[in-house]
Amino acid sequence: MSDDTELATEAQIAVHWKEEQYFEPSQAFIAQANMQDASIRERFSEENFPECYREYADMLDWFKPYDQVLDSSNPPFWKWFVGGKLNVAYNCIDRHLAQHRNKAAFIFVGEPEEEEPYAMTYQELWVRVNEMAALLRDHCGLKAGDRVTLHMPMTLELPITMLACARLGVVHSQVFGGFSGKAAGDRIADSGSDWLITMDAYWRSGKLIDHREKVAPALEEAKSLGKTGVKVLVWQRYPGKDSSKTPMVEGRDAFVNDILKDYRGKRVEPVHMDAEAPLFLMYSSGTTGKPKGCQHRTGGYLAYVAATSKYIQDIHPSDTYWCMADIGWITGHSYIVYGPLAIGATSVVYEGTPTFPDHNRPWRIAERLGVNIFHTSPTAIRALRRLDPDAPSKGPQNFKHMTTVGEPIEPKAWRWYHEQVGKGKAVICDTWWQTENGGFLISTVPALEKMKPGSAGPGLPGVYPIILDDDGNELPAGSGKAGNLCIRNPWPGIMQTIWGDDERYVDTYYRRFCKNPDSKDWRDWPYISGDGAIDAEDGYYRILGRIDDVINVSGHRLGTKEIESACLTVAEVAEAAVVAVHDDIKGTVPEVYVSVPVNVTDRDAVATKVIRACEDIIGKIARPERVYVVPDMPKTRSGKIMRRVLGAISNRRDTGDVSTLANPEVVEEIRILVQSR
Ligand code: WTA
């Protein structure tokens, strides 16, 4: 142990991140907000749980009313709105027709800028979903409860297919379009899908990518896992034209556009689904082991995403809302498709990369469509900032509300987002949640609670987060100490189980901190998020990152996110990633990767500043063992930095398959840089 270590106890490390000043929402925002009534906290207090969630369920149209809000008699297999019957497509489309028939449900923006945006009205969406539902039912023979795997890019055919499934009660499992064929094949086999629905091609970073080439490896993989006879439906990016060079396979593949001609004008009655019927599977971005198929329910899920879209994102039918995520992730399911449509919003679907053909594209899209609510990730915010730190505030965008999601946002990036992108007037909701959760769990309610950069905020109304230490003891509220972020109660958006693996569901999310496995009381079954967090005195949660991101140096815990946040205080640093490297004496030590803008040439000076920043902000214990200044970070197609790949390089391990990354070529560059030192 070095003599620095006693300078910083674990608790001191945890609270090093200095408290930030609050930012208030503007009066203009408050005056128009969907939720201005502070009594919502009282209505959703623990005494009123679970009955409070009637308010959310009442936002939907039910074919048959539910008899019970929550059945928690078999924990942790919760049942929500028991006995109720509804249809998700009906709630997202049909019921809006009377008032909003000719309002845009979606506006599609293709990546090529010369293609005009296309607005699809609720009426038109209704027509297309009906026809597609008829095709799925009559051509494919699909019925309620069957699973179908979608491997589609960001075009309107994706939500049309999802909603057509929902109309029939067919369980869709959309695999992110950027994933490999093999990844799709694993999911086809795991879900037991007889059909794969895909698209011939899509635009990404200026290239029309052949997407159909992923079909063969997908079916091969499925076959190796015992799933044979899978049939393939192919949408065309340009209807009537085949944009893929990969041959179609006779008897296996068919163009959706061709078959749809037989279903013109067909209407399909929405199937009355049980509130507890599964709506979709979303495989969680597997780090190790088999991907987990998070199974989401019909009634609770839709109620939860509808209400959180309305109250947290403050979407009104008159707004134009743009979530720049991909529908292939949970964010896109909940907050591009189901949440916004359930409340009659206009939701933008953008096909391509935010920085194509240049970094001002998002602001041009926003201006052209009149977007006033914008939703993106800290990674995108940092990337846009790196490319052009001062420009956005002079740009044409005009936002009232902005969301961030997916990773902790350091105060520096938060302030830039607020000042430059939001021009100091848009509110920001830093929303914390997970694939498993269905919808936001931690965030400020934008008109009611002040914002604090770097902290997500309190639990949403009706969500009671707690911090447990490693022995399962609850830390007192506002302790300022780091621990395991758990949610004490179930909520309607929580997953039902892991598809086909109830035991893994219990093991992963509940086993460790359940004091009495025989207990039938939900209070004994806290949900384990796998994230570390701190509950500050004001009740705001600061997310530290995955527990498995925690580095244990000489028996002291360091959040990798905390170190990264320290690195990001250095002006020249655009992105930072910290990995744990094995050290014979200290167990593990942190190594730091930072990327800098191209015009920064003195890399040694940056490295020195980074080391100093870590020492100054956290303590000498956080001094990175080594700092690598790299041209770019290896990233997933959704923009997450692949720390696993960096960790493998630092630890001289095999990086594994990197072909699905957005920029696989950078991996080799970094490996040479690191391993030559
Ligand atoms: C992280 C994305 C900090 C967290 C919706 C979580 C966040 C994981 C935030 C889930 C946030 C998500 N602040 N960290 N606002 N939101 N995370 O399943 O580590 O893709 O466990 O769901 O992202 O990622 P997932």
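Worth saying up front: this structure is predicted, and the values here are computed from it rather than measured.

(A) Region of interest: the overall build of the protein. Per the secondary structure count, the protein includes 21 helices and 30 strands. A compact globule built from 677 residues should have a C-alpha radius of gyration of about 26 Å, and the protein, at 24 Å, falls within 12% of that. Referenced to the eigenvectors of the C-alpha coordinate spread, the extents of the protein come out at roughly 75 × 60 × 50 Å. Sequence-distant contacts, at least 24 apart, represent 72% of the contacts inside the protein between residues at least 6 apart. In the structure as shown, the protein presents an accessible area of about 25100 Å², 49% of it carried by carbon and sulfur atoms. Here the protein contributes 78 positive and 93 negative side-chain charges, whose respective centroids are spaced 3 Å apart.

(B) Local environment of the side chain of H211. By the element assignment, H211 lies in the loop between β10 (207-210) and α10 (215-224). Those residues in contact with H211, other than ones at most four positions away along the chain, are H151, M152, P153, G177, T198, M199, D200, A201 and Y202.

(C) Representation of the sheet that holds strand β23 (residues 497-498) in the model. The strand order β12-β11-β8-β6-β7-β14-β15-β23 describes an open sheet built from 8 strands, whose pairing is mixed. The sheet is open, and its two borders are formed by β12 (253-255) and β23, each paired with just one other strand. Here 5 bridges tie strand β14 (residues 278-283) to strand β15 (residues 293-297), and the two strands are oriented antiparallel to one another. What sits directly across from F280, in β15, is H296. Packed on one face of the sheet, α10 meets β8 (195-199) and β11 (231-235) and runs near 160 degrees to β8. Running over the sheet, helix α12 (residues 299-311) touches β14 and β15 and is turned about 80 degrees from β15.

(D) Layout of the site of the ligand. Surveying the vicinity of the ligand reveals 16 residues, the closest of which are D430, T431, Q434, T435 and D531. Note that a nitrogen atom of the ligand is positioned 3.4 Å from one of the backbone N or O atoms of P408. One of the side-chain nitrogen or oxygen atoms of D430 is found 2.7 Å away from a nitrogen atom of the ligand. Protein chains shield 90% of the accessible area of the ligand, which is 530 Å² for the free molecule. Of all the secondary structure elements, the ones that give two or more residues to the shell around the ligand are α13 (330-342), β20 (427-431) and β25 (541-546). Among the residues making up the shell around the ligand, the classes are represented as 6 nonpolar, 5 polar and 5 charged.

(E) Layout of the confidence of the model for the protein. Residues with a pLDDT of 70 or more make up 95% of the protein, whose mean pLDDT is 92. Within the model, pLDDT remains below 50 along residues 1-16, and this stretch shows 26 contacts once partners closer than five positions in the same chain are excluded.

(F) Looking closely at the sheet that holds strand β5 (residues 118-121). Taken in spatial order, the 7 strands line up as β5-β4-β17-β16-β18-β19-β20 in an open sheet, and their pairing is mixed. Looking at strand neighbours, the two that pair on one side only are β5 and β20, the edges of this open sheet. Each strand of the sheet is rotated relative to its neighbour by a mean of 20 degrees, with strand direction disregarded. Taken together, the 4 bridges between strand β18 (residues 373-376) and strand β19 (residues 401-405) define a ladder with parallel strand orientation. When the bridges of β19 are listed, H375 appears paired with T403.

(G) Geometry of unusual backbone geometry. A cis amide bond links F49 to the next residue, P50, at an omega of 0 degrees. Mapped onto the elements of the fold, P50 is located in the loop between α3 (40-43) and α4 (54-57). Residue P357 follows F356 across a cis peptide bond; omega there is -5 degrees. Tracing the backbone through its elements, the reader meets P357 in the loop between β17 (346-350) and α14 (361-369). Here the phi dihedral of S205 falls at roughly 50 degrees; this positive angle occurs in a residue that is not glycine. If you trace the backbone, S205 turns up in the loop between β9 (201-204) and β10. Phi is positive for K423, close to 55 degrees, though the residue is something other than glycine. Its location among the elements puts K423 in the loop between α16 (411-421) and β20.

(H) Focus on the environment of G530. In this fold, G530 is placed in strand β24 (residues 527-535). Not counting chain neighbours up to four residues away, the residues in contact with G530 comprise L485, G545, R546 and I547.

(I) Up close: α10. Three or more residues of α10 are buried, namely V215, A218, L219, E221 and A222. Projection of α10 onto a plane perpendicular to its axis shows the buried side chains occupying an angular sector of 160 degrees, all on one side. Opposite the packed face of α10, turned more than 90 degrees from it, sit the exposed residues E220, K223 and S224. Among the structural elements, α9 (181-191), β8 and β11 are those in contact with the buried residues of α10.

(J) Just helix α21 (residues 665-675), in detail. Burial in α21 covers these residues: V666, V667, I670 and V674. Seen from one end, α21 has its buried residues packed into an arc of 105 degrees, which puts them on one side.

(K) View of the pairing of β9. Side chains of β9 alternate between two faces, with A201 and W203 and Y202 and R204 buried alike. Taken together, the 4 bridges between β9 and β10 define a ladder with antiparallel strand orientation. In the strand pairing of β10, W203 is matched with L208. Following β9, the chain reverses through 2 residues before pairing antiparallel with β10; S205 in that reversal takes a positive phi of roughly 50 degrees.

(L) View of the environment of R415. Take R415: it is sitting in helix α16. Exposure remark for R415: the relative accessible area of 32% places this residue in the partly exposed category. Remark: the alpha-carbon pair of R415 and G454, spanning 39 residues in sequence, is separated by 9.5 Å. With near-sequence residues (within four places) excluded, R415 lies in contact with E20 and Q420.

(M) Spatial organisation of the nonpolar core. Membership of the largest hydrophobic core comes to 122 residues, with the highest contact counts inside it found for Y53, F81, L125, L135, L136 and Y338. With 10 residues, helix α7 (residues 122-139) is the single largest residue contributor to this core. Contacts of Y53, omitting those with residues within four sequence positions, involve F44, V69, W80, F81, Y304, P461, G462, V463, W491 and P492. Counting 32 residues, the second largest nonpolar core, distinct from the first, contains I107, M324, W363 and M402.

(N) Representation of the packing of aromatic side chains in the model. Taken as a whole, this structure holds 40 aromatic pairs when the rule is applied. Judged by centre distance (5.5 Å) and plane angle (70 degrees), the rings of W322 and F374 are edge-to-face. Taken together, the residues W322 in strand β16 (residues 320-323) and F374 in strand β18 connect sequence positions 52 residues apart. Of the two residues examined, W322 and F374, each falls in the buried class. Positioned over the ring face of Y238 is R237, at 4.7 Å from the centre of the ring. The aromatic ring of Y22 is capped on one face by K450, whose charged end is 4.8 Å from the ring centroid.

(O) Up close: the environment of H582. Inspection of the secondary structure assignment puts H582 in strand β28 (residues 575-583). Using a relative accessible area of 56% as the deciding quantity, one classes H582 as exposed. The spacing of H582 and G647 is 65 residues in sequence and 9.8 Å in space, taken between C-alpha atoms.

Calculation rules
Residues numbered from 1 in each chain as written. Predicted model: local features only at pLDDT ≥ 70, side-chain atom pairs only at ≥ 80, totals over all residues. Heavy atoms only, no water. Helix = DSSP H or I, 4+ residues; strand = E, 2+ residues; numbered from the N terminus. Rg over C-alpha atoms; globule rule 2.2 N^0.38 Å. Contact = heavy atoms within 4.5 Å. Areas by Shrake-Rupley, 256 points an atom, 1.4 Å probe, with all protein chains shown as cover. Lys, Arg positive; Asp, Glu negative; His and termini not counted. Charge placed at Lys NZ, Arg CZ, Asp CG, Glu CD. Pairing = 2+ DSSP bridges. Axes fitted to C-alpha atoms, helices over the stretch in contact; angles between N-to-C directions. Near = heavy atom within 4 Å. Polar contact = N/O pair within 3.5 Å; in protein donor to acceptor, adjacent residues only side chain to side chain. Nonpolar A, V, L, I, M, F, W, Y, C, P; charged D, E, K, R; others polar. pLDDT = per-residue confidence, 0-100. Buried < 20%, exposed > 50% of the residue type's maximum accessible area, 1.4 Å probe, protein only. Arc of directions from axis to C-beta. Core = buried A, V, L, I, M, F, W, Y, C linked by side-chain atoms within 4.5 Å. Phe/Tyr/Trp six-rings, centres within 6.5 Å; stacked < 30°, edge-to-face > 60°. Lys NZ or Arg CZ within 6 Å of the ring centre and 35° of its normal.

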